[in-house]
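Letter by letter, the chains look like this.
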Amino acid sequence: MTTPAADPAPRTSNIDVRRGQPLVVMTNVQKHYGDFQALTDIDLSVNRGEVVVVVGPSGSGKSTLCRTINRLETITSGSITIDGADLPAEGKALAALRADVGMVFQSFNLFSHLTILENVTLGPIKVKGMKKADADKLARELLDRVGVGHQADKLPAQLSGGQQQRVAIARALAMKPKVMLFDEPTSALDPEMINEVLDVMVGLAQDGMTMIVVTHEMGFARKAADRVVFMADGQIVEEAAPQEFFTNPKSDRAKDFLSKLITH
């Protein structure tokens, strides 16, 4: 399935790319839920303009890792910095951080009573103080970019799941984030809708957006990732370029994981 996102039309220039400089740095991160340790000794550095895809079996800690980066989950110990600054604990500093870190979830989390356009303009107006006319202009550009500009005046319930997820991506981009987090963005979609969302994400990767993507879509990992991070049992087991990971995994856990993907 093709979408307008694959069209080589001019892109908006919101993405600040200074490749090679660390943007997200996780150091010795631990996360406990009571006696259960969800993350163990996580060391991960993601550079500007890099696309890191996190894969692994269910329950391996992928989503927990993703959610700690904008403090939706609070770490037990260790440190996380974004653009050189420690993750703030609460208050206005945390709100400012979340404006810099775009997040797209499994569920679309759109406001059902607002139009598509209003969903996208809400953050820029309320959080960043943007004038309504400017926010509307930006939102329409982004909605066009993800291929749903013609749906701007509809309510979310009038759109397909794939269209709603593309709106969710536009909404995150409207805040002009430094990094985008995707937590299983296609897992709630029907199979025929998955590619239209992945196409948008591939376009963002090609534009140089820094992205951390938790996904089961190995085709996306092969196509768009600069690096694949494989997790199991709350730990990073190995990380490598896609070609190397998929053709020559080093760990037994990764080999087992990939063999099950191939045989099922």
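Provided above is the structure to which this section pertains.
Worth saying up front: this structure is predicted, and the values here are computed from it rather than measured. (Residues numbered from 1 in each chain as written. Predicted model: local features only at pLDDT ≥ 70, side-chain atom pairs only at ≥ 80, totals over all residues. Heavy atoms only, no water.)

A. Region of interest: the sheet that holds strand β8 (residues 210-214). The sheet built from six strands is open, its strands ordered β6-β7-β8-β3-β9-β10 with mixed pairing. Each having just a single partner strand, β6 (101-104) and β10 (235-240) make up the two edges of the open sheet. When the angles between neighbouring strand axes are averaged without regard to direction, this sheet yields 20°. Here helix α2 (residues 91-100) sits on the sheet and contacts β6 and β7 (179-183); the angle it forms with β6, its principal contact strand, is near 65°. Across the sheet, helix α5 (residues 161-173) is in contact with β6 and β7; its angle to β6 comes to roughly 170°. (Pairing = 2+ DSSP bridges. Helix = DSSP H or I, 4+ residues; strand = E, 2+ residues; numbered from the N terminus. Axes fitted to C-alpha atoms, helices over the stretch in contact; angles between N-to-C directions. Contact = heavy atoms within 4.5 Å.)

B. Quick look at the packing of aromatic side chains. Within the structure shown, the criterion is met by three aromatic pairs. Taking 6.0 Å as the distance between ring centres and 35° as the angle between the ring planes, the aromatic pair formed by Phe230 and Phe245 counts as tilted. Taken together, the residues Phe230 in strand β9 (residues 227-232) and Phe245 in helix α8 (residues 242-247) connect sequence positions 15 residues apart. Of the residues examined, Phe245 reaches a relative accessible area of 0% and is grouped as buried. Seen in terms of ring centroids, Phe245 and Phe246 are 5.2 Å apart; in terms of plane orientation they differ by 75°. Their pairing is edge-to-face. (Phe/Tyr/Trp six-rings, centres within 6.5 Å; stacked < 30°, edge-to-face > 60°. Buried < 20%, exposed > 50% of the residue type's maximum accessible area, 1.4 Å probe, protein only.)

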